[in-house]
Every structure is written in structure tokens, then in C-alpha cells.
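# Examining the three-dimensional arrangement
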Amino acid sequence: MVTDTRIIQRELAQDVDLPAEIHPVLRRIYLARDVRDAMQTDNSLRQLLPYDGLKNIDAAVTLLVEALAGQQRILIIGDYDADGATSSALAVRALRAFGAAYVDYLVPNRFEFGYGLTPEIVEVAKSRQPDLIVTVDNGIASLAGVEAAKTAGMRVLITDHHLPGAQLPAADAIVNPNQAGDAFASKHLAGVGVIFYVMAALRARLREQGWFEKQNLKEPNMADYLDLVALGTVADVVKLDHNNRILVAQGLARMRSGKGGAGILALLQVSGRDYRRVTSQDLGFCVGPRLNAAGRLDDMSIGIECLLSDDMGRALERAKVLDDFNRERRRIEQTMREQAEHQLNALEYTRAQNLPSAICLYDPEYHEGVIGILAGRIKEALHRPVIVFAASGDDLIKGSARSIPGLHIRDALDRIATRHPGLLTKFGGHAMAAGLTLRRQDFEQFRSAFIETADDLLDDDDLQRILHSDGSLSANDIDLSLAELLRNAGPWGQGFPEPVFEGRFELVQRRIVGEHHLKMLVRDGDRHFDAIAFRTTDEGWPEQVREVQLAYRLDVNEYNGQRSAQLLVEYLSPVS
């Protein structure tokens, strides 16, 4: 690691009205996340924002009601990531439960068709003869694809959450909280959150019309789909504002009670996670990657079929295939990380004084489905915005971008496209992640433009890694009960980060485990604690180190049926 890390304690909100019985450590954590009153800690469904705040929700529901009443063919077009998979599964499950006679899904293979509702995927869709196409987690930038679908006589409903461009596609209806004029208070819904709201609004309209009685159908409970919403929301790393925390918390509660779908329960099982104690971290780091692996290496259909499974045996078969994909993804990623390390060394980027404000890498051997993970790893190691490219046929290269606070990566790409017309074939994304396509011969020009843009938009403070802490814990605070309390006080995630504490400890023992992880026994006063720093070694440390400065998360370690508090180290530095 060539960048310095500065630890800054989070500022606490003032003028608050939190209940007095809240544990003082948890109170401090909530204040540092601007939680000011009891309502913001209430993750019950009664606090969920109503669907009628979404622009065009009535028009979207009308399209769906007409499709149901007319027994029209409905085709869901999803994305090939975990958000897209959960969105597709939710839409199919809900519409079938609502009595749709013909509902199917189609997910573009990233290696053949790329992202979204393209004219090429419309051609594939024609064989299904859909009357209505419903996009989930995509479509807001699909101008040509929507035009092709409309020309072919299909109606189109777009449900998406990505930032819209200057022009919107000519769909029959668009539901996206980020489109202009949308008054919905939460702009951070994942794609699965958007389609959940659309289905909730549809159920309400059908109930008003007496649809379920007329069709002799049991009215579905929308809570049955919250496990899918929780998984897609966490896996897509959207901001966990209060509305998203409610969706995730309620989904986790269903999983813990054993009411989750067979597919998610199977994915938890192959991940070695107990559904009774599942956390948002389990979804983000264990279940999500296994689901994503299908879209990265093969076809996301196997992931969607897993989520659609009602039989646990079939779900486990599919979950094991996804687990195998994930093992292969890890192997590919390790090879790519070694290749990237050689490139970074050749560019002398491993020396702090040579590190530019942005990093751009291309290797014809990189796997297109794994470049996003590699970009994220490099970003974490070097604290720079990173774009990694892989060959994509027809003399094109596809890039996956990951950014740092201070650089909105989609806006940065838009700026490059404006300054260098024709350089980017296409691009899209969020503040922290994006995708783009270039001609291979334009790579060096783009690299220069990317670094130049980062130079303009980032300052020295942006380029220094900042680790925000929630202060220190006394030795008496570090115990299993507090670890359990914090585990269940979230859900934690993007925009509502898991608590990180800091402190100086006496180093009693240290050893390397699993080749890449540093296991430690540390002491504060007369109390000893287990600590582990993943993907960290003591290479380069002095032989004798008596004390270490740690920034850590307090977690529950489960081993051989025993549960204890453990420090998960985010940052460490030998002191003496």
C-alpha cells in the first residue's frame, strides 16, 4: 500500500431525541450517522415510503393491469448482476402470483449482447412474442432498444434506478426515482427496490378492482418478496438511507425466521452461513458474489432459476453450481491481480511519488466478467479511481470503473465524452461505479484524458485515504454482548457504515494464516482479544513489535460451536 491513511473520528449530530435506554456506544454510533430520533431507528414496514410518490407509477400500473386482463405475454428484461437477478426473480414471482398467464424473463449475456435493452436483445425477444416488455435494473439509457421494441409492436415499461441521460427513451412508461420531476423522497432505491414498489402499487390497484376474488386467487403478501429486495439492495451497494434500511431489515428478518425463498436459503447454506443469524454483510460478501459469479463467467439465468426455485433440493443444486462459478471467479481474479501487479510495477505506481490521480489498465488477457472486481481491489489498495479494461471483440475494449469519494465517476466520463467527442463509444453508471466501451487503439488517449480529468476534479485531501472511526472502546466494552448488539443494530452498508473503532493494543502474538491474513492476539490491560487482518501480512515489520495501532470492527467469531468477540482489523500500524 502506497497511500497514507488518516483516521478521523466521526462528528456527532446535535439536537437529538434518541431514547435514553439506548446503549451509550450504540447511541454514539447513531449520532455519528445523523440518526436524531427514535423514528429513524424504527425499521418496521409502517415507516416505509408510499409508492404513490414515484413519478409515472399510475401509468406503469395501468400497463400491467391491461396486460394481466388481456392475458398478454409479458417479458422481463433484466441485468446480469445480483440486482438484476433479484429484480427479475421478484417481477416473475409477483406477476405469476397476480395471475399473469404468460410471463417470462430474458437476461442479456454480457459477452454476446452487453448491458440493457439493446436492439440486438429485442431481436432475441421477438421469438418470445411479447406484448409488453418490462425492464428491471436497466432501460433508462436504452433509446435505440426501446425504439426497436416499439417498431416491432411491443409496449415497453422501464423500471430502473440508474441516472438518466439528457434524453429519455420513448417508453410507454418510466419508473425511476432519479428521473427529472420525481418527488419520491428516497433516490437510492436499487433496481429491485423499484420493481418492488411497482408490484406493490399493482397489487393495490388489483385489490381495488376485486381482481383476486374474480380470479379466485389468494392475494399475495408483498412481504414475501422482501428477502429478494434485501439481497439485491445490499449486493448493489446502494446507499442505505432509512427507506432502504427498512427494506433490508425486513428482508433479513424473514430470512432469519426461515421464511426466505429456497434459493436464498440454499445460497446461504453453500456459503456456510446460518440463516438464523444472517446479516447484511453475509448478503454482501457471501451470497451476492455467488449470484454475481453466474453473470460474470457464464449466464445469469442459472442465478435467476435458483431464486425462482421453490423446491429446496433443486435450489441447492443450482446454488452449488453458483458456488463452483464463484470458486472459478476467485481463481481468475487471483491471476488477474498478479498480472495487474506486474503492470503497476512496470508503471512504477507502487511508489507513492509516482502514483497518478487516477489509474487505467488494459490487458488482452483480462477476463471481461471480472474486471470490475479487479478495479475495486486496486481502488482499495491505492485509493485512486480505477478503470480496468478487457478485450471485447471487434477491436473494442470494455472498461469497468470504481471511484473514490470526491470523483463522481459517471460525471467524469460525461466530461471526457464532451471534451473528446467520439472517444467513448458508450458509457453509464453511478457515482462510484460505471462501465464504458472504447476502441482499442484509443486506450492511451483515454488514459491521458482520464488522468487529466481526475487531476482537475481531485485535490490532495481527496487522494489521501480517510478512515472514519467511532472513537475508542474500553477494554470492558469489548465483549460478546456488545458485538451481538452492534451486529443487529444495522443493517449496515453503503452510506450507513458498520461501526469502526480505534485503539492501541499490546501485541502478544502474531502469525500468518491462509498465506495472506494476519492473525493476532492483542491485550488491553488484563484482557486479551483475538484480532485478524484479512489480506494483510507483517512483511516489512521490525522483528520486535510490542504495540499496534488498530482500527477495527467488533464482530462475533463462531468456531466449533463457541461464540466470542473478535476484532476485524481495517487498518493497523506497528507502533513500537
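Before any of the text, the structure's been laid out above.
Presented here is a report on the structure given in the accompanying data block.

Cut-offs used in this document
- Along each chain, residues carry numbers from 1 onward, in the same order as the chain's sequence is written.
- Restriction of local features to residues with pLDDT of at least 70 applies here, the model being predicted, together with a cutoff of 80 or more for giving and counting side-chain atom pairs; totals for whole chains, interfaces and linings are based on all residues.
- Heavy atoms from the whole structure form the basis of all side-chain values; hydrogens and water molecules are not counted.
- Only rings of Phe, Tyr and Trp enter the pairing, Trp through its six-membered ring, and a pair is recorded when the two centres are within 6.5 Å. The plane angle decides the type: under 30 degrees is stacked, over 60 is edge-to-face, the rest tilted.
- Relative accessibility decides the category of a residue: with a 1.4 Å probe and only protein chains considered, values under 20% of the type maximum give buried, values over 50% give exposed, and everything between is partly exposed.
- Secondary structure elements are defined from DSSP: runs of H or I of at least 4 residues count as helices, runs of E of at least 2 residues count as strands, and each element is numbered from the N terminus.
- For the purposes of this section, nonpolar cores are sets of buried Ala, Val, Leu, Ile, Met, Phe, Trp, Tyr and Cys residues that join through side-chain atoms within 4.5 Å.
- Should any heavy atoms of two residues lie within 4.5 Å, those residues are considered in contact.
- Following DSSP output, two strands are said to pair if at least two bridges run between them.
- Angles here are taken between N-to-C directions and fall from 0 to 180 degrees, while the axes themselves are lines fitted to C-alpha atoms, restricted in helices to the stretch in contact.
- Within this document, salt bridges are pairs made up of a side-chain nitrogen of Lys or Arg and a carboxyl oxygen of Asp or Glu, the two lying within 4 Å of each other.
- Relative orientations are named as follows: roughly parallel for angles under 35 degrees, roughly antiparallel for angles over 145 degrees, roughly perpendicular for angles from 65 to 115 degrees, and oblique for any other angle.
- Each crossing gets its handedness from the near helix: less than a right angle anticlockwise from the far helix is left-handed, clockwise is right-handed.
- Residue polarity is assigned by list, with Asp, Glu, Lys and Arg as charged and Ala, Val, Leu, Ile, Met, Phe, Trp, Tyr, Cys and Pro as nonpolar; anything else, Gly included, falls into the polar class.
- To estimate the expected span of a helix, count its residues, drop one, and scale the result by 1.5 Å.
- Bend, at a single residue, is the angle you get between axes fitted to the 7 residues ending at that residue and the 7 residues starting at it.

## Some points on the packing of aromatic side chains
Taken as a whole, this structure holds 10 aromatic pairs when the rule is applied. Ring geometry for Phe196 against Tyr197: centres 6.2 Å apart, planes inclined by 85°, an arrangement best described as edge-to-face. Tyr197 carries the same exposure label as Phe196, and that label is buried. Here Phe505 and Tyr552 contribute two aromatic rings whose centre-to-centre distance is 5.8 Å and whose plane-to-plane angle is 75°, an arrangement assigned as edge-to-face. One end of the pair, Phe505, is in strand β13 (residues 501-513); the other, Tyr552, is in strand β16 (residues 547-559), with 47 residues separating them in the sequence. Exposure remark for Tyr552: the relative accessible area of 0% places this residue in the buried category.

## Description of the nonpolar core
Judged by nonpolar contacts, the single largest core of 144 residues is most densely connected at Ile76, Phe196, Met199, Leu202, Leu550, Leu554 and Leu567. If near-sequence neighbours (up to four positions away) are discounted, Leu567 is found in contact with Ile478, Phe505, Val522, Phe529, Asp530, Ala531, Ile532, Leu550, Tyr552, Arg553 and Leu554. Core analysis: the second largest hydrophobic core is formed by 26 residues, Ile387, Phe446, Ala449 and Leu458 among them.

## What about the pairing of strand β10 (residues 426-429)?
With four bridges connecting them, β10 and strand β11 (residues 433-439) associate as antiparallel partners. Looking across to β11, one finds that Gly429 is bridged to Ala434. Between β10 and β11, which pair antiparallel in sequence order, lie three residues.

## A word on the sheet that holds β10
The strand order across the open sheet formed by five strands is β7-β8-β9-β11-β10, and the pairing between neighbours is mixed. Both outer strands of the open sheet, β7 (359-362) and β10, are each paired with one neighbouring strand and no more. The mean angle between the axes of side-by-side strands here comes to 15°, regardless of whether they run parallel or antiparallel. Against the sheet, helix α16 (residues 443-457) contacts β7, β8 (386-391), β9 (396-402) and β11, and its axis sits at roughly 165° relative to β7.

## Details of the environment of Ala235
Its place among the elements puts Ala235 in helix α8 (residues 226-235). It is 27 Å that separates the C-alpha atoms of Ala235 and Leu572, two residues lying 337 residues apart in sequence. Setting aside residues no more than four positions away along its own chain, Ala235 makes contact with Ala82 and Gly288.

## Details of the environment of Glu328
Positionally, Glu328 belongs in helix α13 (residues 312-346). Residues Glu328 and Leu297, spaced 31 residues apart in sequence, show a C-alpha to C-alpha distance of 8.4 Å.

## Some words on the sheet that holds strand β6 (residues 173-175)
The strand order β3-β2-β4-β5-β6 describes an open sheet built from five strands, whose pairing is parallel. Of all the strands in the sheet, just β3 (102-106) and β6 have a single pairing partner and so form its edges. Here the strands of the sheet are splayed against their neighbours by 20° on average, with no regard to which way each runs. Of the pairings in the sheet, the one linking strand β2 (residues 73-77) to β3 comprises five bridges and is parallel in character. When the bridges of β3 are listed, Ile74 appears paired with Val103. Sheet contacts for helix α6 (residues 191-208): β4 (132-136), β5 (155-159) and β6; angle to β5, the most-contacted strand, approximately 120°.

## Re the pattern of salt bridges
Side-chain pairing between opposite charges can occur once the charged atoms of the two side chains come close. Inspection of every chain in the model, using the stated rule, returns 39 salt bridges. A salt bridge links Lys126 to Glu123, with the shortest nitrogen-to-oxygen separation between them at 2.7 Å. Here Glu123 and Lys126 lie together in helix α4 (residues 119-126), a separation of three residues that amounts to about one turn. The partly exposed category is assigned to Lys126, whose relative accessible area is 37%. Note that Glu506 is salt-bridged to Arg523, the shortest N-O span being 2.6 Å. One end of the pair, Glu506, is in strand β13; the other, Arg523, is in strand β14 (residues 517-524), and 17 residues separate them in sequence. What you see here is one network of salt bridges that share partners, running through Asp274, Arg276, Arg277, Glu484, Arg487, Asp555, Glu558 and Arg563.

## As for the packing of helix α3 (residues 82-97) against helix α12 (residues 301-308)
Between α3 and α12, the shortest axis-to-axis distance is 9 Å and the interhelical angle comes to 45°. One element, α3, and the other, α12, form an angle in the oblique class. Seen along the crossing, α3 lies across α12 with a hand that is right-handed. Seen from α3, the contacting residues are Ala85, Thr86, Ser88, Ala89, Val92 and Arg93; seen from α12, they are Ile304, Leu307 and Leu308. Of the residues assigned to the contact of α3 with α12, the class counts are six nonpolar, two polar and one charged.

## Describing α16
End to end, α16 covers 21 Å across 15 residues, agreeing with the expected 21 Å (1.5 Å per residue, within 8%). Phe443, Phe446, Arg447, Ala449, Phe450, Ile451, Thr453 and Ala454 are the residues of α16 that are buried.

## Brief notes about unusual backbone geometry
Omega for the peptide link from Gly490 to Pro491 comes to 5°, which places this bond in the cis form. We note that Asn56 has phi near 70°; this positive angle belongs to a residue other than glycine. By secondary structure assignment, the location of Asn56 is in the loop between α1 (24-32) and α2 (57-69). Its identity as a non-glycine residue notwithstanding, Gln129 has a phi of 55°, on the positive side. With respect to the helices and strands, the residue Gln129 is situated in the loop between α4 and β4. A residue is classified by how much of its surface remains accessible, and Gln129, at 56% relative accessible area, is exposed.

## Some points on the environment of Leu297
Mapping Leu297 onto the fold places it in helix α11 (residues 280-297). Overall, Leu297 belongs to the buried group, its relative accessible area being 17%. Spatially, the C-alpha atom of Leu297 lies 5.9 Å from that of Gly369, the residues being 72 residues apart in sequence. Excluding its chain neighbours within four sequence positions, the residues that come into contact with Leu297 are Phe111, Phe325, Glu328, Arg329, Ile332, His367 and Val370.

## Here we look at α11
Within an α-helix, residues lying three or four positions from one another point in the same direction, as the helix has 3.6 residues per turn. Across its 18 residues, α11 extends 25 Å between first and last C-alpha, which sits within 8% of the 26 Å expected from 1.5 Å per residue. Most pronounced at Gly288, the bend in α11 amounts to some 40°, and the proline Pro289 follows within four residues. Counting buried positions along α11 yields 16 of 18 residues, so the element is predominantly enclosed.

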